[in-house]
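Commentary on secondary and tertiary structure
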Amino acid sequence: MMMMIKAMWETAKEITLQRIVMSYQLRSAALLVPNQLDGLYVIVTGSTSGIGYYTARELAFAGARVIMACRRVDEAEKIAESWKEDTDDSKTLHVEVMELDLLSPSSVRQFTAEWDQSGKPLHILINNAGILLLGESRQFTEDGIEKHIQVNHIGTSLLTLLLLPSMLKANSARIVNVNSVGHHWGAVEPKSWKMGAEEERKFSNMMSYGSSKLAQLMFLKALSTKLISMGKTSVLCVAVHPAVRRQNERVLDVGSF
Ligand SMILES: NC(=O)c1ccc[n+]([C@@H]2O[C@H](COP(=O)([O-])OP(=O)(O)OC[C@H]3O[C@@H](n4cnc5c(N)ncnc54)[C@H](OP(=O)(O)O)[C@@H]3O)[C@@H](O)[C@H]2O)c1
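Summary of the structure given here.

Analysis parameters
Residues numbered from 1 in each chain as written. Predicted model: local features only at pLDDT ≥ 70, side-chain atom pairs only at ≥ 80, totals over all residues. Heavy atoms only, no water. Axes fitted to C-alpha atoms, helices over the stretch in contact; angles between N-to-C directions. Helix = DSSP H or I, 4+ residues; strand = E, 2+ residues; numbered from the N terminus. Parallel < 35°, antiparallel > 145°, perpendicular 65-115°, else oblique. Left-handed = near helix turned anticlockwise from the far one by under 90°. Contact = heavy atoms within 4.5 Å. Nonpolar A, V, L, I, M, F, W, Y, C, P; charged D, E, K, R; others polar. Pairing = 2+ DSSP bridges. Near = heavy atom within 4 Å. Polar contact = N/O pair within 3.5 Å; in protein donor to acceptor, adjacent residues only side chain to side chain. Areas by Shrake-Rupley, 256 points an atom, 1.4 Å probe, with all protein chains shown as cover. Buried < 20%, exposed > 50% of the residue type's maximum accessible area, 1.4 Å probe, protein only. Right-handed = clockwise from strand over helix to strand, strands pointing away. Expected span 1.5 Å × (residues − 1). Arc of directions from axis to C-beta. Phe/Tyr/Trp six-rings, centres within 6.5 Å; stacked < 30°, edge-to-face > 60°.

1. Structural notes on the packing of helix α5 (residues 147-169) against helix α6 (residues 205-229)
Where α5 contacts α6, the axes come no closer than 7 Å and their chain directions differ by 20°. Between α5 and α6, the angle falls in the class roughly parallel. The element α5 and its partner α6 pack so that their crossing is right-handed. Each of H148, I149, N152, H153, T156, S157, T160, L161 and L164 in α5 lies in contact with α6, whose residues at this interface are N205, S208, Y209, S211, S212, K213, A215, Q216, F219, L223 and L227. Looking at side-chain class alone, the contact of α5 with α6 contains eight nonpolar, 11 polar and one charged residues.

And the structure:
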């Protein structure tokens, strides 16, 4: 009960603050300028829509070499082409599409194997792809893992760990996890993640989403601590709550990446 009240309070506080900031038009100015990120390799997961779309676009227009890591490859190719049409010189925009389905561990492994083969360093990994299956019943992957947990936590963590060697090749790198204030609704109970497992709490999609985000936050914190203890301080781990946004609403501030 106390947890529920705290979650409601944190969510209401976040939404209210966001409304106040937006009503005063206190949006921070875009910090990225053309050529600022020249030469940096950036992977953005889930960049065919929403926050990932605008993040990938802003980073590409600031000179980064952006890899759109997506399930819908054809759609991503079309998007990349449309961005090139928006520039004066399409050669200055470096956008590549690579297939990635976080529901499937083998897709994650294939993606990272391909990336490794390229030998490139990775400067920024933006773990943006995520799902919130509101209104749907409890769903599982082919491996029997609850889907929020698989996409938002397990698939994302596997991707991060497998890309770590490429990030350590860069002089400086960062992992940005697009988390959520929704993590306050969750609890980390790994025993309940599998199909057929006894549930410790009554299932709800919102709680499962919250749990996946909380688990992801804990994973990132543990990874950061481990990296620091190993003296590998070149990789910075950051988690962000991107504010609550409606479908297709533009994200204005990606400057802090
Ligand atoms: N919107 C909000 O108010 C809000 C608030 C807090 C946090 N967030 C977080 O912000 C992130 C982006 O949210 P959004 O609102 O921009 O969502 P969105 O518009 O639904 O976009 C989600 C992206 O993730 C991709 N994706 C979904 N399942 C995937 C999978 N199995 N493998 C690879 N990619 C997959 C989607 O690809 P497809 O097009 O192929 O489905 C899409 O490109 C999420 O992590 C979300 O939890 C959002």
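2. Some points on the sheet that holds strand β5 (residues 173-178)
Across the sheet, which stays open at both edges, the six strands sit in the order β3-β2-β1-β4-β5-β6 with parallel pairing between neighbours. What marks the edges here is a single partner per strand, and that holds for β3 (94-99) and β6 (235-240). Each strand axis lies, on average, 15° off the axis of its neighbour in the sheet, ignoring direction. Relative to β5, strand β4 (residues 124-127) runs parallel, the two sharing four bridges. Bridge pairing in β5 links N127 to N177. The strands that helix α3 (residues 73-85) touches are β2 (65-70) and β3; relative to β3, the one it contacts most, it runs at about 175°. Helix-sheet contacts for helix α4 (residues 105-118) involve β1 (41-45), β2 and β3, and the interaxial angle to β3 is about 140°.

3. Examining the site of the ligand
Surveying the vicinity of the ligand reveals 28 residues, the closest of which are R71, R72, N128, Y209 and R245. One of the side-chain nitrogen or oxygen atoms of K213 is found 2.9 Å away from an oxygen atom of the ligand. Alone, the ligand offers 900 Å² of accessible surface; in the complex the protein occludes 86% of this. For the shell around the ligand, the elements supplying multiple residues, two or more each, are α2 (50-61) and α6. For the shell around the ligand, a count of residues per class yields 12 nonpolar, 11 polar and five charged.

4. Overview of the pairing of β4
Burial of the side chains of β4 extends over both faces: I124 and I126 are buried on one face and L125 and N127 on the other. Relative to β4, β1 runs parallel, the two sharing three bridges. Each residue of the ladder has a partner; that of V44, found in β4, is I126. Crossover connection from β4 via α5 to parallel β5: handedness right-handed.

5. Structural notes on α3
The α-helix advances 3.6 residues per turn, and as a result positions three or four apart in sequence lie on the same side. For α3, spanning 13 residues, the distance from its first C-alpha to its last is 19 Å, which sits close to the expected 18 Å at 1.5 Å a residue. Where α3 is concerned, the buried positions are A76, I79, A80 and W83. Along the axis of α3, the buried residues cluster in a sector spanning 100°; they form a single face. Opposite its buried face, α3 presents the exposed residues D74, K78 and E85, each directed more than 90 degrees away.

6. Quick look at the pairing of β3
Two elements, β2 and β3, share six bridges in a ladder whose sense is parallel. Bridging from a neighbouring strand, R65 pairs with H94 of β3. Remark: the β2/α3/β3 crossover connection has right-handed handedness.

7. A short note on the packing of aromatic side chains
On inspection of all chains with the given rule, the structure shows three aromatic pairs. Consider the rings of Y41 and W115, whose centres lie 6.1 Å apart with planes at 75°: the pair is edge-to-face. Linking Y41 in strand β1 with W115 in helix α4, this pair joins segments that are 74 residues apart in sequence. For the pair shown, Y41 and W115 are each scored as buried. Here a set of aromatic residues connected by ring pairs shows up, and it is made of Y53, Y54 and W83.

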